[in-house]
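# Descriptive analysis of the structure
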Amino acid sequence: MPKEKGTLEDQIYMDQHVLTESELTHRFWTETQLAAQASNLEIPVPCATVIRDLILVGVRKMFKLSRTSETDLAEAEENWSRFVEAMIKEAQEKSPGHLREHAFVAAKKLRPLWPFC
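The present account deals with the structure reproduced in this document. Bear in mind the structure is a predicted one, so any value in this text is a computation, not a measurement.

Our focus in this paragraph is the overall build of the protein. Across its full length, the protein carries 4 helices and 2 strands. Secondary structure elements of the protein occur, N-terminal to C-terminal, as β-β-α-α-α-α. Counting only residues that meet the buried cut, the protein has 38% of its 117 residues in that class. Counted over contacts in the protein with a minimum sequence separation of 6, partners at least 24 positions apart contribute 64%. Taken as a whole, the protein presents about 6,900 Å² of accessible surface, with 53% of it coming from carbon and sulfur.

Right, let's get into helix α2 (residues 45-64). When the terminal C-alpha atoms of α2 are compared, their 28 Å separation across 20 residues agrees well with the 28 Å that a helix rising 1.5 Å per residue should span. Count one or two residues on from α2 and you reach S66, which has phi positive near 55°.

Apart from glycine, the bulk of residues carry a negative phi angle, and the bulk of peptide bonds sit in the trans form. Across the junction of R111 and P112, the peptide omega takes the value -5°, indicating a cis bond. Looking at where P112 falls in the secondary structure, it is placed in the segment after α4 (101-107). Residue W114 is joined to P115 through a cis peptide bond whose omega torsion reads 0°. Following the sequence through the fold, P115 ends up in the segment after α4. The backbone phi angle of N40 is positive, close to 60°, even though this residue is not glycine. Within the secondary structure, N40 sits in the loop between α1 (21-38) and α2. Residue S66 is not a glycine yet carries a positive backbone phi of 55°. Relative to the assigned elements, S66 resides in the loop between α2 and α3 (70-94).

The next point concerns the side chain of T25. Inspection of the secondary structure puts T25 in helix α1. Its relative accessible area of 16% is what places T25 among the buried residues. Of the polar contacts made by the side chain of T25, one reaches the backbone oxygen of E21; its length is 2.8 Å. The residues contacting T25, other than those within four sequence positions of it, are I55, L56 and V59.

Cut-offs used in this document
- Residues numbered from 1 in each chain as written.
- Predicted model: local features only at pLDDT ≥ 70, side-chain atom pairs only at ≥ 80, totals over all residues.
- Heavy atoms only, no water.
- Helix = DSSP H or I, 4+ residues; strand = E, 2+ residues; numbered from the N terminus.
- Buried < 20%, exposed > 50% of the residue type's maximum accessible area, 1.4 Å probe, protein only.
- Contact = heavy atoms within 4.5 Å.
- Areas by Shrake-Rupley, 256 points an atom, 1.4 Å probe, with all protein chains shown as cover.
- Expected span 1.5 Å × (residues − 1).
- Polar contact = N/O pair within 3.5 Å; in protein donor to acceptor, adjacent residues only side chain to side chain.

This is the structure we're talking about:
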């Protein structure tokens, strides 16, 4: 399905549904929250802000580079899942009950994880 011209936001078409930047950002954040909940981890505000910023940068990069095909989305989702899993593992080892910034820093060592880092 071709992209519509003249829209305010770029869009990703997935299964006949259009994803905007804000919807995709929300999708990655929701995945993060659900994974943390399933692991009995809280995400304190400072760490949540850092994670959301990384998501926003990654999603904007996807749209800026026109890497918005279903294949690109699948790659980004797989990489984000790996990143979240690494954060959770680190948090469970070092600060049970909370996903803190050190878990974020440790997960970034998995580079490259396009489009996030």
